[in-house]
Amino acid sequence: AAADLKKKGDDGKAALDSVKAERDELAKQVSALTKENDKLKAKNAQLEKELDEWKKKYAELEEKYNDLLNQLEKLKEQVTTLSATLFAITCTPNALSLALCSC
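A short tour of the structure in this document, coming up. Note that the coordinates shown come from a computational prediction; the quantities given were computed from them, not determined experimentally. (Residues numbered from 1 in each chain as written. Predicted model: local features only at pLDDT ≥ 70, side-chain atom pairs only at ≥ 80, totals over all residues. Heavy atoms only, no water.)

## Examining the overall build of the protein
Argument step 1. When helices and strands are tallied, the protein shows two helices and zero strands.
Argument step 2. Buried positions account for 2% of the 103 residues belonging to the protein. (Helix = DSSP H or I, 4+ residues; strand = E, 2+ residues; numbered from the N terminus. Buried < 20%, exposed > 50% of the residue type's maximum accessible area, 1.4 Å probe, protein only.)

Following this line, the structure appears as structure tokens:
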């Protein structure tokens, strides 16, 4: 009977040692994963900051582009107006305009 108790005690100690070893291994894995997670969080924060900077640059460029489109449209309108005015000045029936008229 004493031998049976000793054997059960040894088995229990072996099982406890095995559980402790697994716990220690899991603790190491958790520690490593926590460190990796912290690195990824830092990298993500850096990338988010860079993304915000790119979004700001894009918005600025888009605004400049739209301003240029508006300026182009105004210039086209001015060219049309000036062309019509030039045509009216140079192609009216008077002596000076008849001399200059190329139409």
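Having seen the structure, we can now continue with the description.
## Details of the pattern of salt bridges
Argument step 1. Counted according to the given criterion, the structure contains two salt bridges.
Argument step 2. Two residues, Lys 13 and Asp 17, come together in a salt bridge whose shortest N-O distance is 3.3 Å. A residue pair is termed a helical-turn pair when its members lie 3 or 4 positions apart in one helix, as Lys 13 and Asp 17 do in helix 1 (residues 2-90) at four residues.
Argument step 3. Residue class for Lys 13 comes out exposed when judged on its relative accessible area of 51%. (Salt bridge = Lys/Arg side-chain N within 4 Å of Asp/Glu carboxyl O.)

## Overview of the packing of aromatic side chains
Argument step 1. On inspection of all chains with the given rule, the structure shows zero aromatic pairs.
Argument step 2. Sitting over the face of the ring of Trp 54, Lys 57 holds its NZ or CZ atom 4.8 Å from the ring centroid. (Phe/Tyr/Trp six-rings, centres within 6.5 Å; stacked < 30°, edge-to-face > 60°. Lys NZ or Arg CZ within 6 Å of the ring centre and 35° of its normal.)

## Details of a negative patch on the surface
Argument step 1. Taken together, the side chains of Glu 48, Glu 50, Asp 52 and Glu 53 make up a negatively charged region of the molecular surface.
Argument step 2. For Glu 50, a relative accessible area of 32% puts it in the partly exposed group. (Patch = residues over 30% accessible without salt bridge, like charges linked within 9 Å, V, L, I, M, F, W, Y side chains within 5 Å. Areas by Shrake-Rupley, 256 points an atom, 1.4 Å probe, with all protein chains shown as cover. Lys, Arg positive; Asp, Glu negative; His and termini not counted. Charge placed at Lys NZ, Arg CZ, Asp CG, Glu CD.)

## Regarding a nonpolar patch on the surface
Argument step 1. A cluster of nonpolar residues, Tyr 65, Leu 69 and Leu 72, forms a patch on the protein surface that exposes about 290 Å² of accessible area.
Argument step 2. Positionally, Leu 69 belongs in helix 1.
Argument step 3. Residue Leu 69 is classed as partly exposed on the basis of its relative accessible area, which comes to 38%.

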